[in-house]
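A look at the structure
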Amino acid sequence: MAAPILSDFTRLTSADLLKFKRYLIENVGRSMEGEELQIGDRAEFMKQRLGEVYIQTKVNLPEDIRKQIFDDILDELTGFGPIQPLLDDPDVSEVMVNGPKKVYIEKGGQLTKTPITFDDDDHVLRIIDRIILPLGRRVDADSPTVDARLPDGSRVNAVIRPVSIDGPCITIRKFRKDKLSVQQLVDYGSLTNHMAEFIRACVIARLNIVISGGTGSGKTTLLNVLSSFIPENERVITIEDAAELQLQQDHILRMETKVASVDGTGAVTIRDLVRNSLRMRPDRIVVGECRGGEALDMLQAMNTGHDGSLTTLHANTPRDALSRLETMVLMSGMELPLKVVRQQISSAVDLIIQQTRLKDGSRKVTAITEVVGMEGEVVVLTDIFKFEQTGIGQNGTIIGELKPTGIRPIFGPRLEAAGFKLGAEIFMPAGGLGLGQRR
């Protein structure tokens, strides 16, 4: 490929610069073939080689244009192309590529369109391939969706045609380099000190806990915080579609699903991993997210001595979470009467923690709800803590208060047996009037 002739800078078009950029990428890439270098050395070598190839073209671009092209090329060759600066920005929590010319980010809980663009659909596809190929995953017309993760653990979902009508799309939920602590969640107003103390006691006392919430509400972040309370001397098995949990304990065994090979065989599902984990002498089973029939295996594990299990699911209220669990159990293929399913749930799950992303972008634990048991054919729930919205501020911020309902959980003796004697002030709202009721 001959170097494009770039003589009159005042008449340069974006097509001219794109052609020149591709020429440089192709030549630098060719010069790297056969080079066995460490990642850091490779990046430095590419930078040096790029300068040499540029000089050989005898093109003398204005410094601002040259620097921009060099940055773009290095991001392309050593990172993830145009979105690499967004991935490097610690304030960006989510990157959404809706097509080559539509790149959005979430920052501070708010969605914003960026000026960043890809060259075309093929450019987006190349970045998708760069993400998934090292992980042994694939995406094509027969398998047009894929879940993966970046080297730093960030969660990636990619969709291509024919499922994605307007071209390839990428959604990246970024991995925080600094793991959030429970105190930081308190400082952010996501929960109160009393709620944090109560949750910590529940985890250590080996209660089975389900974290419920909508997409992007912070379920995985909260699951990471809860898992930090698990004692160091316990064997923990984590099961996920794409590994992203950041457990800090030493005795961790992490398992991840596997997609089917090209011939449709070899898939390993969450359900397969949950079943297998029961043979691995777990003290705790942590499932990143329940989405289907594995819910039945998870409930059976909780009911057969595997106390202290943790998982998340998509639901907007604790009551919805129960309905979602019922649906997922029925997805297992077992023809169980609805009352039996509800009995399984009520005897297995002790606590539902509802995580919510509010309209102002803030994320809060809006309810901590005990699963009390059955009354007839209905599972009884009791709110222990609840968020009450009282208004909306001038700039759209949600005004409200996280407070106890005045009802103590019936599993209190289990907390005491684990060494936690929580005072009445934790459960009693200001003024002493209880807000809660069984429902």
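All chains use their own residue numbering, which begins from 1 and follows the written sequence. Per-residue local features are limited, in this predicted model, to residues with pLDDT of at least 70; the limit for side-chain atom pairs, both in listing and counting, is 80 or more; totals at the level of whole chains, interfaces and linings are taken over all residues. In computing side-chain values, all of the structure's heavy atoms are included and hydrogens and water are not.

**So, the pairing of strand β11 (residues 310-314)**
- Think of it in three bands: with a 1.4 Å probe and only protein chains considered, a residue is buried below 20% of the maximum accessible area for its type, exposed above 50%, and partly exposed in between. Working definition: helices are DSSP H or I runs of at least four residues, strands are E runs of at least two. Numbering for both runs from the N terminus. Most of β11 sits out of view: four of its five residues are buried.
- Taken together, the five bridges between strand β7 (residues 209-213) and β11 define a ladder with parallel strand orientation. Among the inter-strand pairings, S212 is bridged to a residue of β11, identified as L313.
- With its strands directed away from the observer, a crossover is right-handed exactly when the path from the first strand over the helix to the second travels clockwise. Following the backbone out of strand β10 (residues 284-287), through helix α10 (residues 294-303) and into the adjacent parallel β11, one traces a crossover that is right-handed. When DSSP finds at least two bridges between two strands, those strands are taken to pair.

**Concerning the packing of aromatic side chains**
- Aromatic contacts are taken between Phe, Tyr and Trp rings whose centres are within 6.5 Å, Trp giving its six-membered ring; a plane angle under 30 degrees counts as stacked, one over 60 as edge-to-face, and the others as tilted. For the structure on display, the rule yields six aromatic pairs.
- Here F20 and Y54 contribute two aromatic rings whose centre-to-centre distance is 6.3 Å and whose plane-to-plane angle is 65°, an arrangement assigned as edge-to-face. Pair noted here: F20 is in helix α1 (residues 14-32) and Y54 is in helix α2 (residues 39-56), with a separation of 34 residues, a long-range link.
- Taking the relative accessible area as the measure of exposure, F20 reaches 0% and is therefore buried.
- According to the relative accessible area criterion, Y54 is buried, its value standing at 8%.
- Relative to F427, the ring of F385 lies with its centre 6.4 Å away and its plane at 40°, an arrangement referred to as tilted. You can see F385 sitting in strand β14 (residues 378-392) and its partner F427 sitting in helix α14 (residues 424-427), a full 42 residues away along the chain. Like F385, the residue F427 is buried in the burial classification.
- Through a chain of ring-to-ring contacts, the aromatic side chains of F198, F385, F411 and F427 assemble into a single cluster.

The quantities given are spatial measurements derived from coordinates; they are silent on function.
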